[in-house]
Amino acid sequence: MRFLDYFRSKNKGTASIAKERLQIIVAHERSDTSKPADYIGQLQQDIVEVIRKYVNIAQEDVIVSLDRSDSCSVLELNVTLPDHYQPREQKSA
Amino acid sequence: MAKIVVVTSGKGGVGKTTTSASFATGLAMRGHKTVVIDFDVGLRNLDLIMNCERRVVYDLINVIKEEATLKQALIKDKRCDNLFILPASQTRDKDTLTMEGVQRVLNELAHDFDMIVCDSPAGIERGALMALYFADEAIVVTNPEVSSVRDSDRILGILQSKSLRAETGEEPIKEHLLLTRYDPTRVSTGQMLSVEDVQEILAIPLLGVIPESKTVLHASNEGVPVIWNAESAAGAAYSDAVARFLGEQIEHRFITEKKGFFKRMFGGGSK
Ligand SMILES: Nc1ncnc2c1ncn2[C@@H]1O[C@H](COP(=O)(O)OP(=O)(O)OP(=O)(O)O)[C@@H](O)[C@H]1O
Ligand SMILES: [Mg+2]
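Here's a quick rundown of the structure.

The rules behind these values
Residues numbered from 1 in each chain as written. Chains lettered and ligands numbered in written order. Predicted model: local features only at pLDDT ≥ 70, side-chain atom pairs only at ≥ 80, totals over all residues. Heavy atoms only, no water. Helix = DSSP H or I, 4+ residues; strand = E, 2+ residues; numbered from the N terminus. Rg over C-alpha atoms; globule rule 2.2 N^0.38 Å. Buried < 20%, exposed > 50% of the residue type's maximum accessible area, 1.4 Å probe, protein only. Contact = heavy atoms within 4.5 Å. Pairing = 2+ DSSP bridges. Disulfide = S-S within 2.5 Å. Axes fitted to C-alpha atoms, helices over the stretch in contact; angles between N-to-C directions. Parallel < 35°, antiparallel > 145°, perpendicular 65-115°, else oblique. Left-handed = near helix turned anticlockwise from the far one by under 90°. Nonpolar A, V, L, I, M, F, W, Y, C, P; charged D, E, K, R; others polar.

### A closer look at the overall build of chain B
Counting its regular elements, chain B contains 13 helices and eight strands. Over its C-alpha trace chain B gives a radius of gyration of 18 Å, about what one expects of a compact globule, namely 18 Å for 271 residues. With respect to the three principal axes, the spread of C-alpha positions in chain B is 65 × 40 × 30 Å. Per-residue burial over chain B gives 55% buried out of 271 residues. For chain B, the proportion of contacts with a sequence separation of at least 24, taken over those separated by at least 6, is 74%.

In structure tokens form, the structure reads like this:
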């Protein structure tokens with residue numbers, strides 16, 4: 001029994017993990033939506049501009065990241081608002 | 001009409017130059033007049049593997065810049081009558097590889113040769129792009145390892161979009177997978193990606209599997225392409241690959257039955 005387990009565990013070695021990871025990344029890189037570098041920067045810029053219509057924030061207050069997993073991709077958006085944020089309306093009013 | 005074959009991989013150090021040397025030699029041994037071109041401008045190595053490093057006078061860049069004729073730059077192999085080497089420049093950089101220049105050299109070679117083998121540098125920059133741009137067929141050299149497989153997939157994408165054949169809408173470049181540095185024992189114990197795994201991911205026809213072999217280092221030490229060593233597994237595997245490339249049906253060797261055995265015995269199939 002132990003003898004068989006030894007081979008079983010070896011058969012479930014790291015190669016199968018490698019294959020799974022490759023299948024995912026290769027599928028993503030082949031698809032047209034797979035070029036985060038191409039649009040994430042622009043997306044971040046646009047988001048900053050939209051938020052600035054309402055709140056004064058700095059460029060680095062918006063963080064956009066992409067996490068690609070098996071069946072879906074998660075776009076994570078983090079916006080840090082200033083401690084005492086001033087809505088734009090108040091300023092202009 | 002000459003056939004242009006690029007040996008490419010994306011990732012560095014996977015065995016492109018080893019393959020180019022043996023493959024070109026194999027084609028020449030089988031009667032095809034062959035030239036092998038080193039596109040690794042700035043880091044030439046093919047001359048060492050082919051044992052002609054002391055005979056280099058002019059190189060590819062000299063010919064492109066019309067500082068020398070092809071006749072002056074081509075080096076005739078000492079062992080094989082049908083084989084010539086066009087070395088890379090050691091001193092200039094890859095920017096000197098102009099598309100017009102490369103095209104002119106290839107056109108001129110096409111008059112005299114049946115087979116033109118292009119040894120690509122690593123990466124996806126100018127040198128690599130120039131080596132593959134005019135290709136009719138591509139040998140994608142891949143190691144059974146994650147970064148190599150991923151880079152091969154990138155290169156396949158480039159072959160399919162940034163080559164002359166892709167841009168002019170001609171019949172696409174014919175792609176061949178050559179899996180090198182394969183270790184069947186490690187595959188059978190689940191430590192290394194198998195031929196089937198890599199084939200499933202890259203989805204291109206398998207030209208051959210070259211086992212990991214100590215003979216390859218001896219061959220480069222001596223400057224004798226490993227295909228000359230017919231007794232060695234790596235040499236024999238290269239011979240088989242050349243024969244398959246030329247249309248012969250030959251069963252794959254050196255993949256070893258062990259894996260099937262383990263799978264059957266212990267229900268492995270680590271999918
Ligand atoms: N089948 C093999 N078995 C053992 N060693 C090998 C095998 N194939 C290649 N090698 C070794 O791997 C190393 C890299 O090989 P090679 O120079 O052919 O790779 P390359 O892809 O041309 O590299 P680069 O990207 O730098 O041009 C060399 O030391 C070579 O001897
Ligand atoms: Mg090389």
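### Brief notes about the pairing of strand E1 (residues 3-8) of chain B
Residues and elements named next belong to chain B. Counting buried positions along E1 gives five out of six residues, so the element sits mostly inside the fold. Looking at chain direction, E1 and strand E5 (residues 115-119) are connected through five bridges and run parallel. Paired with Ile4 across the two strands is Ile116, which belongs to E5. Strand direction decides the pairing type here: E1 and strand E6 (residues 137-142), joined by four bridges, are parallel. Bridge pairing in E6 links Val6 to Ala138.

### Remarks on the state of the cysteines
What makes a disulfide is a covalent bond joining the sulfur atoms belonging to two cysteines. Residue and element names in this part refer to chain B. Going through the model one piece at a time under the given rule, you end up with zero disulfides over all chains. You can see Cys52 has no disulfide; the closest cysteine sulfur is in Cys80, sitting 13 Å from it. For Cys52, a relative accessible area of 1% translates into the label buried. Looking at the unpaired Cys118, the closest cysteine sulfur is the one in Cys52, lying at 16 Å.

### Thoughts on the packing of helix H1 (residues 16-29) of chain B against helix H12 (residues 233-245) of chain B
Residues and elements named next belong to chain B. Viewed as axis vectors pointing N to C, H1 and H12 meet at an angle of 60°, and their least axial separation amounts to 9 Å. When the axes of H1 and H12 are compared, the pair comes out oblique. Here H1 runs over H12; the crossing is right-handed. In contact with Thr18, Thr19, Ser22, Phe23, Gly26 and Leu27 of H1, H12 contributes Tyr238, Ala241, Val242 and Phe245. Of the residues assigned to the contact of H1 with H12, the class counts are six nonpolar, four polar and no charged.

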